[in-house]
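Below, each chain spelled out in residue letters.
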Amino acid sequence: MAQTSVMDKLVSLCKRRGFVFQSSEIYGGLGSVWDYGPLGVELKRNIKDRWWHAMVRARDDIEGLDAAILMHPKVWEASGHVAGFTDPLVDCKTCKARFRADQIAEAACPQKPSKHPGEHTTCALTEPRMFNLMFKTVMGPVEESGSVVYLRPETAQGIYVNYLNVLQSSRQKIPFGIAQIGKAFRNEITPGNFIFRTREFEQMEMQFFVKPGEDAEWFERWRAIRMAWHQELGLKPEKLRWHQHAESELAHYARAAYDIEYEFPFGWSEIEGVHNRGDFDLTNHQKASGKKLEYFDQAANTRYLPNIVETSAGADRIALTVLVDAFREEQVEGETRTVLGFLPSVAPIKVAVLPLVNKDAMPETATALFNDLRKSFACFYDDGGAIGRRYRRQDEVGTPFCITVDGQTAEDQSVTVRHRDSMAQDRVGVANVAAYLAERLQ
Ligand code: GAP
């Protein structure tokens, strides 16, 4: 399979089967903003649920939070985003395209794609100018006198400004963490690769507050935990690697940073960052707000500003990773079978219930089974078309199991359970189907 065609096929499958649609498509779309359809919303929710379970519910030392998207504008001054969350932007006066000045060597000239911007005879590039990536809006009824507020470009700041509220209300002690899933917005200059880099996206971030001096140790611990999470998500281990940020790549807040990268059809790219932020954030918020943000360590009878280790993943980017990793095409009996081989726990539909034919009481039995199974699993009922075709439709959206009610069902109260990956078929008693599935869908 040609590398580029994998993305084309996936984008087309995502639209055709209701995973992802272009935002405002009937108006021509809105640049790099996407909507999730019926199957996409289930997939992304399953990924977020796995993250929330691993990071909050399964741990005693992390609390959840859902902070507002809009925050006091001073937050973004103290965080360094007003001054420093910028990319160098270059315009071409001839073709009107925009490029990040630091990515020109990898970009293609829109007029002559074999060359880089600036290399074609008619290119007329401007000098780089700094462009802030935060979206602005106005709070208050009158635009002129209202105050400018920003759509948050990361969820992390909502955690820092709430850290004492959470600490005190939950009676946690350091070391402890706060986790949050929520929307973030960035006016990216060069968005693209489908839902990889978008202007509106969701982050799954966790900030872990530790005693100064213990940050390097916790940083290593969190690196290991996060890499294991991606592997448990079913991603192929050989497609995952670490990228350590060199001094010149470090964000303004970071003491040390590693990215978890995945090998996409368009190359190795970041899917999650693990950052040692030191006391950068709390020091700045303490200074700018005038409020003491120190932690009182009762056992040692000392006060200090905690250091922060951050894990920051994009839910949309991981949804894309899961889709790319799961996508495969196989030749079966002279035909191409497209499969999304999802881990069962992230599959949007877990079970499809299919009457073999629409007569001989099969639809009635299948409907009763469907209504019973849907109490426990995300189920789909399909009675349209040849059974082989219905199996293929479920393979293409990653449904791990199909249950077929057939002629034998009336005789011995059993159904066929067909497995997505092996295409093997088992015979299971109707009364045992729910338990059979529960065991295999964890
Ligand atoms: N709080 C730290 C922070 O936001 P980041 O490396 O800028 O760090 C973390 O972003 C993660 O958020 C990335 O690894 C990626 O998964 C996701 N992300 C960032 N920008 C994105 C964008 N424009 N579109 C989709 N996901 C994005």
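Residues numbered from 1 in each chain as written. Predicted model: local features only at pLDDT ≥ 70, side-chain atom pairs only at ≥ 80, totals over all residues. Heavy atoms only, no water.

Peer 1: Explain the overall build of the chain to me, please; I cannot follow it from the model alone.
Peer 2: On a plain count of helices and strands, the chain comes out with 13 helices and 23 strands. Dimensions along the principal axes, computed over C-alpha positions, put the chain at roughly 75 × 70 × 50 Å. Going through the 442 residues of the chain one by one, you find that 49% of them count as buried. Sequence separation of at least 24 residues holds for 64% of the intrachain contacts in the chain that already meet a minimum separation of 6. By element, 50% of the accessible surface of the chain is carried by carbon and sulfur atoms, the whole surface being about 21,100 Å². (Helix = DSSP H or I, 4+ residues; strand = E, 2+ residues; numbered from the N terminus. Buried < 20%, exposed > 50% of the residue type's maximum accessible area, 1.4 Å probe, protein only. Contact = heavy atoms within 4.5 Å. Areas by Shrake-Rupley, 256 points an atom, 1.4 Å probe, with all protein chains shown as cover.)

Peer 1: Looking at this model, I keep getting lost on helix H8 (residues 280-289). Mind explaining?
Peer 2: Note: α-helices contain 3.6 residues per turn, so residues at a spacing of three or four share the same orientation. Along H8, the positions that sit buried rather than exposed are Asp281, Leu282, Asn284, His285 and Gln286. The secondary structure elements touched by the buried residues of H8 are helix H3 (73-78), helix H5 (156-160), helix H6 (163-170), strand E10 (200-210), strand E13 (267-278) and strand E16 (307-314). Within two residues after H8, glycine 290 carries a phi angle of roughly 75 degrees, on the positive side.

Peer 1: Is there a simple way to think about the environment of glycine 278 in this case?
Peer 2: Relative to the helices and strands, glycine 278 is located in strand E13. Ignoring anything within four residues of it in the chain, the contact list for glycine 278 reads Arg255, Pro306, Asn307 and Ile308.

Peer 1: Would you mind going over the packing of helix H2 (residues 38-57) against helix H7 (residues 215-232) with me for this structure?
Peer 2: Axes are the key here: two packed helices are described by the angle between their axes and the distance separating the axes. Across the interface, H2 lies against H7 with an axial gap of 12 Å and an inter-helix angle of 145 degrees. Crossing handedness for the pair H2 and H7: right-handed. Seen from H2, the contacting residues are Ile47, Arg50, Trp51, Ala54 and Met55; seen from H7, they are Trp222, Arg226, Trp229 and Glu232. Its residues placed into classes, the contact of H2 with H7 shows six nonpolar, no polar and three charged. (Axes fitted to C-alpha atoms, helices over the stretch in contact; angles between N-to-C directions. Left-handed = near helix turned anticlockwise from the far one by under 90°. Nonpolar A, V, L, I, M, F, W, Y, C, P; charged D, E, K, R; others polar.)

Peer 1: Please explain the sheet that holds E13 as it appears in this structure.
Peer 2: Remark on secondary structure: sheet strands pair via backbone hydrogen bonds, oriented parallel or antiparallel. The strand order E3-E9-E10-E16-E13-E12-E11 describes an open sheet built from seven strands, whose pairing is mixed. The two strands at the open ends of the sheet, each matched to only one other strand, are strand E3 (62-65) and strand E11 (240-244). Direction aside, the axes of adjacent strands within the sheet are offset by 25 degrees on average. As defined by bridge partners, E11 adjoins strand E12 (residues 256-264) across five bridges and the pair is classed as antiparallel. Within the sheet, the bridge partner assigned to tryptophan 242 lies in E12 and is isoleucine 260. (Pairing = 2+ DSSP bridges.)

Peer 1: Sorry, what's going on with the nonpolar core here?
Peer 2: A general trend in soluble globular proteins is that nonpolar side chains are found buried together. Among the nonpolar cores identified, the biggest contains 54 residues, and Phe19 and Phe342 are the most heavily contacted of them. Ranked by residues supplied to this core, first place goes to helix H9 (residues 315-326) with eight residues. In this view, phenylalanine 342 contacts Phe19, Leu43, Val322, Leu323, Ala326, Ala347, Pro348, Val397, Gly398 and Arg420; residues no more than four positions away in its chain are not counted. (Core = buried A, V, L, I, M, F, W, Y, C linked by side-chain atoms within 4.5 Å.)

Peer 1: Looking at this model, I keep getting lost on the pattern of salt bridges. Mind explaining?
Peer 2: A side chain of one charge can pair with a side chain of the opposite charge if their charged atoms are brought near each other. Here the structure, examined in full by the defined rule, presents 34 salt bridges. Among the salt bridges present, the one from arginine 100 reaches aspartate 87, with a minimum N-O distance of 3.5 Å. Pair noted here: arginine 100 is in strand E5 (residues 98-100) and aspartate 87 is in strand E4 (residues 86-91), with a separation of 13 residues, a long-range link. Residue class for aspartate 87 comes out buried when judged on its relative accessible area of 10%. Here glutamate 439 ties to arginine 440 by a salt bridge, and the two come within 3.9 Å at their closest N and O atoms. On the basis of relative accessible area, arginine 440 is assigned to the partly exposed category, the value being 34%. One network of salt bridges, in which partners are shared, links Arg328, Glu330, Arg337, Arg392, Asp395, Arg418, Arg420 and Asp421. (Salt bridge = Lys/Arg side-chain N within 4 Å of Asp/Glu carboxyl O.)

Peer 1: Looking at this model, I keep getting lost on helix H10 (residues 362-373). Mind explaining?
Peer 2: With twelve residues, H10 extends 16 Å from end C-alpha to end C-alpha; this agrees with the ideal 16 Å at 1.5 Å per step. All of the buried residues in H10 are Met362, Pro363, Ala366, Leu369, Phe370 and Leu373. Buried residues of H10, seen end-on, are gathered within an arc of 130 degrees and therefore sit on one face of the element. Tucked into the core, H10 has its buried residues touching strand E19 (351-355), strand E20 (379-381), strand E21 (401-405), helix H12 (407-412), strand E22 (414-419) and helix H13 (433-440). (Expected span 1.5 Å × (residues − 1). Arc of directions from axis to C-beta.)

Peer 1: Would you mind showing me how to read the site of the ligand here?
Peer 2: Around the ligand, a shell composed of 22 residues is seen, among which Glu154, Glu188, Glu205, Glu270 and Glu310 lie nearest. Glutamine 203 has a polar side-chain atom sitting 3.0 Å from an oxygen atom of the ligand. Within the residue set of the shell around the ligand, elements represented by two or more residues are E10, E13 and E16. Ranked by residues supplied to the shell around the ligand, first place goes to E13 with six residues. Of the residues belonging to the shell around the ligand, the class tally is six nonpolar, six polar and ten charged. (Near = heavy atom within 4 Å. Polar contact = N/O pair within 3.5 Å; in protein donor to acceptor, adjacent residues only side chain to side chain.)

Peer 1: Would you explain the packing of aromatic side chains in this entry?
Peer 2: How two aromatic rings sit relative to each other is set out by the distance from centre to centre and by the angle between their planes. Summed over the entire model, instances satisfying the criterion amount to 15 aromatic pairs. Seen from their ring centres, tryptophan 242 and tyrosine 258 are 5.8 Å apart, and the 85 degrees between their planes marks the pair as edge-to-face. Note that tryptophan 242 is positioned in strand E11 and tyrosine 258 in strand E12, a separation of 16 residues in sequence. Summarising the aromatic geometry, the rings of tyrosine 262 and phenylalanine 264 are spaced 5.0 Å apart at their centres and angled 70 degrees between planes, so their arrangement reads as edge-to-face. Of the two residues examined, tyrosine 262 and phenylalanine 264, each falls in the buried class. The lysine or arginine in question, arginine 223, covers the ring of tryptophan 242, its NZ or CZ lying 4.6 Å from the ring centre. The aromatic ring of tyrosine 436 is capped on one face by arginine 440, whose charged end is 3.6 Å from the ring centroid. (Phe/Tyr/Trp six-rings, centres within 6.5 Å; stacked < 30°, edge-to-face > 60°. Lys NZ or Arg CZ within 6 Å of the ring centre and 35° of its normal.)

The values are spatial; any link to function lies outside them.
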